[in-house]
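# Structural description and commentary
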Amino acid sequence: MPRYTVWGVTGVPEIGPGDDLVALIADAVRQSATIDPDCMLQDGDILVITSKIVSKAEGMQVPVGDRDKAIAQDTVRIVAERVHPGGVTQIVETRHGLIMAAAGIDTSNVPDGLALRLPEDPDRSARLLCLGLRARFGVALGIIVTDTLGRPWRVGQTDVAIGAAGIHVTDDLRGGVDANGRPLNVTITVLADELAGAADLVKGKASGIPVAVVRGLSRLVTDTEAPGARTLVRSVDEDMFRFGSAEAYRLGYEAALAETRELSSPPAKRVKQD
């Protein structure tokens, strides 16, 4: 019967700039295995790691007073913006290609007075963790680095993969058939995001468990040079919802107004040359 299991890794301490994340995760795994030997990592296991501890280890903290400046630095474009009694909420495209509120910079699970930016390059971070932990345990592992996103038309948030290494991030079913023999023309399953959401059920936002292990899906584990989570970002040409509704309306109105003015403007007078 198809099945997989997920459990949280306890014992990971508070992380600070410069900490050896590979060593700290490895120590926590080994400590868990002294209580439950099944917790020792095996070939084909997938570790799902919250980006918070990756960012902390990489020194991505900024003073909370500089949060707005950091958001601006990490923003490629503003997708949507709304004014409300508590201030202004911006949904932006980050330098990583992610569409997030406030460029993913927040103060949850961060020491007072600090805000935390996302890792500089989540795929690179995932690859270094993957290589380090594979060397420590002598087994083939996959790594997913996660963060929390909202979704258009859906209430609430869920964890998704922002970095990945040693794992197939998608399962492209196009060209195959479904259970009834009908052709599959558009189906691409985003495995990395599904695993991120599953792992968050045992990690959570307030449990102090930043790492989870998924076992039973070894078919998804591959070499460390496989495409990472950046490949999950939809290209501009395929993006049907590039702006928020108010922004799209404003841009369309401004374009139509400019075209109307151009059409209604009298033709330029030609100056007669002597």
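For every chain, the first residue of the written sequence is number 1, and numbering continues from 1 onward in sequence order. In keeping with the model being predicted, local features are shown solely for residues with a pLDDT of at least 70 and side-chain atom pairs are shown and tallied solely at 80 or more, while totals for entire chains, interfaces and linings include all residues. Side-chain figures throughout are based on the complete set of non-hydrogen atoms in the structure, without hydrogens or water.

## Considerations on unusual backbone geometry
For clarity, the threshold we go by: Numbering of helices and strands runs from the N terminus; a helix is a DSSP stretch of H or I covering at least four residues, while a strand is a stretch of E covering at least two. Buried residues are those whose accessible area, probed at 1.4 Å on protein chains only, stays under 20% of the maximum for their type, while exposed residues exceed 50% and partly exposed ones sit between those limits.
Of note in this structure, alanine 102 is not a glycine but carries a positive phi near 55 degrees. Examined against the element boundaries, alanine 102 turns out to sit in the loop between strand S6 (99-101) and strand S7 (114-116). A positive phi angle, close to 70 degrees, is found at tryptophan 153, a residue other than glycine. What makes tryptophan 153 exposed here is its relative accessible area of 69%.

## Description of the pattern of salt bridges
Heads up, the rule is: Just to be clear on terms, a salt bridge is a Lys or Arg side-chain nitrogen sitting within 4 Å of an Asp or Glu carboxyl oxygen.
Scanning the entire structure with this criterion turns up nine salt bridges. For arginine 215, the salt bridge goes to aspartate 45, with nearest N and O atoms at 2.8 Å. Of this pair, arginine 215 sits in strand S12 (residues 211-215) while aspartate 45 sits in the loop between helix H1 (21-35) and strand S2 (46-50); the two residues are 170 residues apart in sequence, bridging distant segments of the chain. Per residue, the accessibility class of arginine 215 equals that of aspartate 45, and both read buried. Between arginine 95 and glutamate 120 there is a salt bridge, with the nearest N and O atoms lying 3.5 Å from each other. Residue arginine 95 is located in the loop between strand S5 (87-94) and S6, and its partner glutamate 120 is located in the loop between S7 and helix H4 (122-137); the two are separated by 25 residues in the primary sequence. Classification of glutamate 120 as partly exposed rests on a relative accessible area of 43%. Among the charged side chains, a network of salt bridges with common partners joins Asp74, Arg95, Arg117 and Glu120.

## Regarding the pairing of S12
Put simply, the rule is: The pairing criterion for strands is at least two bridges between them, as found by DSSP.
Across the five residues that make up S12, a large majority, five, are buried. Pairing between strand S1 (residues 5-9) and S12: five bridges, direction antiparallel. What sits directly across from glycine 8, in S12, is alanine 212. Strand direction decides the pairing type here: S2 and S12, joined by four bridges, are antiparallel. Looking at S12, one finds that isoleucine 49 is bridged to valine 211.

## A few points about the packing of aromatic side chains
To be explicit about the condition: Here the aromatic set is Phe, Tyr and Trp, taking the six-membered ring for Trp, and pairing holds for ring centres within 6.5 Å; pairs whose planes are under 30 degrees apart are stacked, those over 60 apart are edge-to-face, and all others are tilted. Sitting over a ring, as applied to charges here, requires NZ of Lys or CZ of Arg to be within 6 Å of the ring centre and within 35 degrees of the ring normal.
Going through the model one piece at a time under the given rule, you end up with zero aromatic pairs. The residue whose ring lies beneath arginine 30 is phenylalanine 137, and the NZ or CZ to ring-centre distance is 4.6 Å.

## Observations concerning the sheet that holds S12
The cut-off we apply is this: Only the contacting stretch of a helix is used when fitting its axis, a line to C-alpha atoms as for every element, and angles between N-to-C directions run 0 to 180 degrees.
An order of S1-S12-S2-S8-S9 is seen for the five strands of this open sheet, with the pairing classed as mixed. Looking at the sheet topology across the chains shown, the edges are occupied by S1 and strand S9 (154-165). Here the average twist between neighbouring strands, direction ignored, is 30 degrees. Sheet topology places strand S8 (residues 142-151) next to S9; nine bridges connect them, and they run antiparallel.

## Notes on the state of the cysteines
Defined simply, a disulfide is a covalent bond joining two cysteines at their sulfur atoms. Put simply, the rule is: Two cysteine sulfurs form what is called a disulfide whenever their separation falls within 2.5 Å.
Under the criterion given, the structure shown has zero disulfides. Free cysteine: cysteine 39, not disulfide-bonded; nearest cysteine sulfur from cysteine 130 at 20 Å. By relative accessible area, cysteine 39 is classed as buried at 14%.

## Some remarks on H1
This is how it is decided: The span one expects for a helix is its residue count, reduced by one, times 1.5 Å. Residues count as neighbours in contact if any of their non-hydrogen atoms are within 4.5 Å of one another.
For H1, built from 15 residues, the straight-helix expectation of 21 Å at 1.5 Å per residue is met to within 8% by its first-to-last C-alpha distance of 22 Å. Residues Leu21, Val22, Ala23, Ile25, Ala26, Ala28, Val29, Ser32 and Ala33 constitute the buried set of H1. On its buried face, H1 sits against S1, S2, helix H2 (51-57), H4 and S12.

## Focus on a nonpolar patch on the surface
Stated formally: Patch membership is restricted to residues that have no salt bridge and whose relative accessible area is over 30%. Joining uses 9 Å for like charges and 5 Å for the nonpolar side chains Val, Leu, Ile, Met, Phe, Trp and Tyr. To be clear on the numbers: accessible area is Shrake-Rupley with a 1.4 Å probe, and residue cover counts the displayed protein chains and nothing else.
Residues Trp153, Met240 and Phe241 make up a contiguous nonpolar surface patch of roughly 480 Å² in combined accessible area. Structurally, tryptophan 153 can be placed in the loop between S8 and S9.

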